[in-house]
Every structure is written in C-alpha cells, then in structure tokens.
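The primary structure of each chain is shown beneath.
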Amino acid sequence: MKIFAFIKKDLLIMLSYRFNLFLSILVSALSLVFVYYISKTFTGAMSQYLKEFNGNYFSFVLVGFSVSSFVSVGLHAFANEIRTSQVEGTLEALISTPTSIYTILIGNSMLSFIKSFISSIAILIIGSLFFGFFININNLLIILLILLLVFISFLAIGMLSASFIMVFKQGNPINFIFGYSSYFLGGIVFPIEVLPKPLQAMAYLLPITHATNALRKLLLSQYDINDIKILVSRLLVFIIIFLPISFVVFHFSIRQAKKNGSLVQY
Amino acid sequence: MSFSCPEQKISCILGPNGAGKTTIIKILSGLVIQDSGEIDFLNVKLKDNKNQIGLMTSNERSFYWRLTGRQNLDFFAELYGLTGKRKNDTINKMLKDFSLDKEADIPLRLYSTGMKYKLLIIRALISDPKVVILDEPTSHIDPLARENIHKIIKENIIAKHLKTVILCTHDLEEAQFLADHLILLNEGRVIAEGSYDDLKKKINPNIVFKIFFVKKPKSSFFKLFQNYKLTENENIVEINLDKESLIPEIIKKAVENDGKILWCKEEKESLFEIFKRLTIKDL
C-alpha cells in the first residue's frame, strides 16, 4: 500500500528531528498541567453545567482535548502538506509517479492523523489512570468508533480546506467556518449550554460537539451505548453529507489547478 | 500536435519561450491537463501508462533532504509500485550503476549537487520506464558536472539501460551534442522534426563546401563546376552542392588542375542558426 510508504517516510523525517519531537511531547504534557491547575483553582465551586460530569472540570477538559487534536490536524494537515510540497518542490515529483492525487494528499497527512489518534488515546488513558475515568471493554470499542468518526469528519473538512489551497493558494474560509468555531462552539473547554441559544444551535452543526458530548457521556457519566446512539448517528450524518462533497470539490479543484497549470505553484 | 521519438535515442524538444515545451513535459508527467484531445503514448492512453515514463527535473529540492539517498529512492520506488526484494535489488543496482552505493546511507542534505543530480536520474529510471524525460537536466550545474551528466545520459541511460530519452533544454549546444532527433516547436505547434541534418536541409538543402587553397587551381577547374553556385573570397572557395557525393570529385579535380589545398570542410550551420531561421521564418 502506497499510503504506508508515506507514513514510513514521514516517520523517518519526524524521527530525524528528535529535539522537535521531544519538545512537542513536552508542550502537550505542559498543556495538561496548565489545564489541571486552572481546574484546581475552581475546585469546590460546583458549576450547574458540570453536574452531569461530577463537577470535575479537569476531566471535562481532558475529554475535549482528546478530540480537539483532530480539529487542528483535519483543518491544517492536508492544506499544510499540499502547501509544503508545493513550496519544497516535492509535489511535482510525487504527481509524476503513477500515484493518485488522493493517495498523495491522504498519504502525506496520514502520520499527523495517526499522531492525533495516538494523542487522543493517550489523553484518555491518562484520564483513566489518574483522574477516575471508567473505560470498560464495551466502552473502549465505542470510544474508538467515535474517534474514528471524528477522524473521518475532519478528513472531509481537511479535503475541503485543501481544495481552497489548491485553487487560491492562500486564504481558506474552511478554517474560519470549522476551525475557530470548533474550538469556540464545540464544547472543548466549556459546555455549550453556557452559550446563547443561537450559538448553541450553530454548535450542533459541528461534528466535534457531538463527539465530545458522546465521549463525556461514556467516560464521565457512565452512560451506555444506547444513550449516545443519537450523537453517533449525527456524526454519521455529517460524514454522509460532507465526505462526498469534499471528494467532489477536491476533484474539481485538482482539475482546475491542472487545467491552468497552477498545481505546483504557490 | 503529434511528434515521434525514435526508440533508444535522444529526442530533444526545442523552441523559443512560450513555444509549449514545458507544457508538453507537464502534460506527459501529469501536472497539467490538456485543453482538448487525448494523449496517446506507446499506443495506450497516457494516464494508463504512467509507469512507462520517468521524469527527471533539475529540481534538487524534489527530494526529502532529511532522508538518506536510499530512503528517498525507497519511498519513490514504492510509489512506482515496486516492493520487497524487487525494490531493494533495483535500488542497489541503480546506486551501483551510478556510483552512489557508498553514499547511499548518508542524509541527502550532505550530498553534493552532482550527487543529487545522479539521484534525480536514478529516480527517473527506478520503474524501468521505456521513456525518460529529462527536463533541463544540466541547468544550475558547473561545466564539469554538466559534462558528467552528458556522459551518464549517453553511456548509462541510452547505451546501458536502453531508454528512449526526451530531452527538454534551452541549451542548443547541449541539444546539438546529445540529440539524435530534434523537435522544434513554436506557438504550440511542431514546426520541424528530424535529425540535425534533416533540419539543416530544411533551411538549406544544398551542401556548402569550403576549400582553402594555398595555390588556386587553373581556371579549367572553375569551368568544370560553373553550373554550381561558386564564390571566391581570396584563397577560400565556397561551392554550393546538391549532393555530398560530389566532394571527392571536387578535391580530385582541384589537385589535377594544380590546386594546392590547405584544408577543406563541409560548412555546417549551427543549430542556433537553424533554430533562428526556422522560428523566425515561422513567425
């Protein structure tokens, strides 16, 4: 599989920047410590919005963090990889091989997605080991399914994002629509119930809202699979709508860039 | 547009800026889609035959500099569908053929420009394509490295690996030295195609034969060739001939008529001259 060739290549490149790898792990760890102390500041002040989650803000944010890594990867990985390949000059060499542009795009970003996946799992394991998350075997499978659905949702968003880079080179409305709104409205660091009703309605259009909600219900409130079916189905609906649209838009953006000869321009 | 490239020979695409050379290369390598029509390559639709084309550009940055030469080749070989033992054997053989086997496992950022150019050529050959496209293969390199690349193209790509080469260059000296077949483009059209001699005949079908006499032959010599355009400039006599086979006869007659020859040569027009005359005429 050609995708594995991309993953191997990116893994070797990542390992060649050892100090950067060390720093990125350190930064992730420090961000957890940062949130831990923020949550400690408010220990004892039970928020009505966190009642459902035992009032534990740190656990609440930890689940939000586990999903949020997909947001930045989904939004930036494809577009950044395309742009980096254009700037570095590797895109021309890649396209001249008998490899589909989809394989090139997904292959070049796959390690970032895998890292996000591992990071999400790692955060949840930390939560389960040190902060009282309860993960039983049944939950584990559904947790992985939810993370997979978030992964696919942001894969679709990432392809849309890359389409704009392909055609316009700079300026990417998808980042604005899904990026900032996901961080702000997706319930990563605060429950969406604190938002005004119109913003809550917008939040329900974002896949991350349903993913964080579903994971929290499973991990923090001991809901079972039946209770989160509706949330999972919303994620599925998002994928069913957006994934084909992303493929079509990306296909046309590639065609447009190939027609006007701007594929490797930046 | 249609042109042919003889098998296991070097064909060179020439043309002024904007003639369409780069567009052809980009279409062949899949970077650009043509406005209309289909690209047939080896009697098969090009998109189904990409494995048969190896592209070498002069862009050293088209590799991953944090990886070694071998790791780069390993990655690109997999994109060409090579796996396992076949992939490793091909890479090892290529590295040996191009004398890069000793440096294969050092990071590419430590390679000299000449070594990176060799790796660019290896990458173009890795899938064992029938046709290798060399796009400006010696731009940005010094004359010694350039001579080395020329040697590699002739001795390695053509003679050893038996590839058909399409060369795209602005360097007419390089084209004249390397190419067996020339394709001249202007404004997106093929305006002339053939060997250097074919193109020369197109602008001037006659052969210009020059003789430098230490002592000019008797007038009877000039009478013998009075039907040909003959010009005298001090000791140099220039004769326009319609066939090359007359040359030995001319030399023989000049000597028989007491002429003493210091040197004689068939005057060849440079590729630059041919290029200029064909493209300006076409304009």
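For the structure, see preceding data.
Scoring rules and cut-offs
Residues numbered from 1 in each chain as written. Chains lettered and ligands numbered in written order. Predicted model: local features only at pLDDT ≥ 70, side-chain atom pairs only at ≥ 80, totals over all residues. Buried ≥ 20, exposed ≤ 12 C-beta atoms within 10 Å, placed from the backbone. Helix = DSSP H or I, 4+ residues; strand = E, 2+ residues; numbered from the N terminus. Pairing = 2+ DSSP bridges. Contact = placed C-beta atoms within 7 Å. Axes fitted to C-alpha atoms, helices over the stretch in contact; angles between N-to-C directions. Parallel < 35°, antiparallel > 145°, perpendicular 65-115°, else oblique. Left-handed = near helix turned anticlockwise from the far one by under 90°. Nonpolar A, V, L, I, M, F, W, Y, C, P; charged D, E, K, R; others polar.

A. Representation of the pairing of strand β1 (residues 10–14) of chain B within the structure. Residue and element names in this part refer to chain B. Burial within β1 is extensive, with 5 of its 5 residues counted as buried. Of the two faces of β1, both are covered, the one formed by Ile10, Cys12 and Leu14 as well as the one formed by Ser11 and Ile13. The sheet contact formed by β1 and strand β6 (residues 164–168) spans 4 bridges and is parallel. Each bridged residue has a counterpart across the sheet, and for isoleucine 10 the counterpart in β6 is valine 165.

B. Structural context of the environment of phenylalanine 60 of chain A. All names here are of chain A. In this structure, phenylalanine 60 sits in helix α3 (residues 57–88). Phenylalanine 60 sits 60 residues away from serine 120 along the chain, and the two C-alpha atoms are 14 Å apart. Leaving out residues up to four positions away in the same chain, phenylalanine 60 has contacts with Leu50, Phe53, Arg216 and Leu220.

C. Up close: the sheet that holds β6 of chain B. All names here are of chain B. Strand order in the open sheet made by the 6 strands is β4-β5-β6-β1-β7-β8, with mixed pairing throughout. Of all strands in the sheet, those with a lone pairing partner are β4 (53–57) and β8 (189–194), marking the two edges. Between one strand axis and the next, the sheet turns by 20° as a mean value, whatever way the strands run. Note that strand β5 (residues 131–135) and β6 share 5 bridges and pair parallel. The residue bridging valine 132 from the neighbouring strand is valine 165, located in β6. Sheet contacts for helix α5 (residues 143–160): β1, β5 and β6; angle to β6, the most-contacted strand, approximately 145°.

D. Main features of the packing of helix α4 (residues 113–125) of chain B against α5 of chain B. Residues and elements named next belong to chain B. Viewed as axis vectors pointing N to C, α4 and α5 meet at an angle of 20°, and their least axial separation amounts to 10 Å. Classed by the angle they form, the pair α4 and α5 counts as roughly parallel. You can see that α4 and α5 cross each other, and the crossing is right-handed. Touching Thr113, Gly114, Tyr117 and Ile121 of α4 are Ala145, Asn148, Ile149 and Ile152, all from α5. Residues that form the contact of α4 with α5 fall into these classes: 5 nonpolar, 3 polar and no charged.

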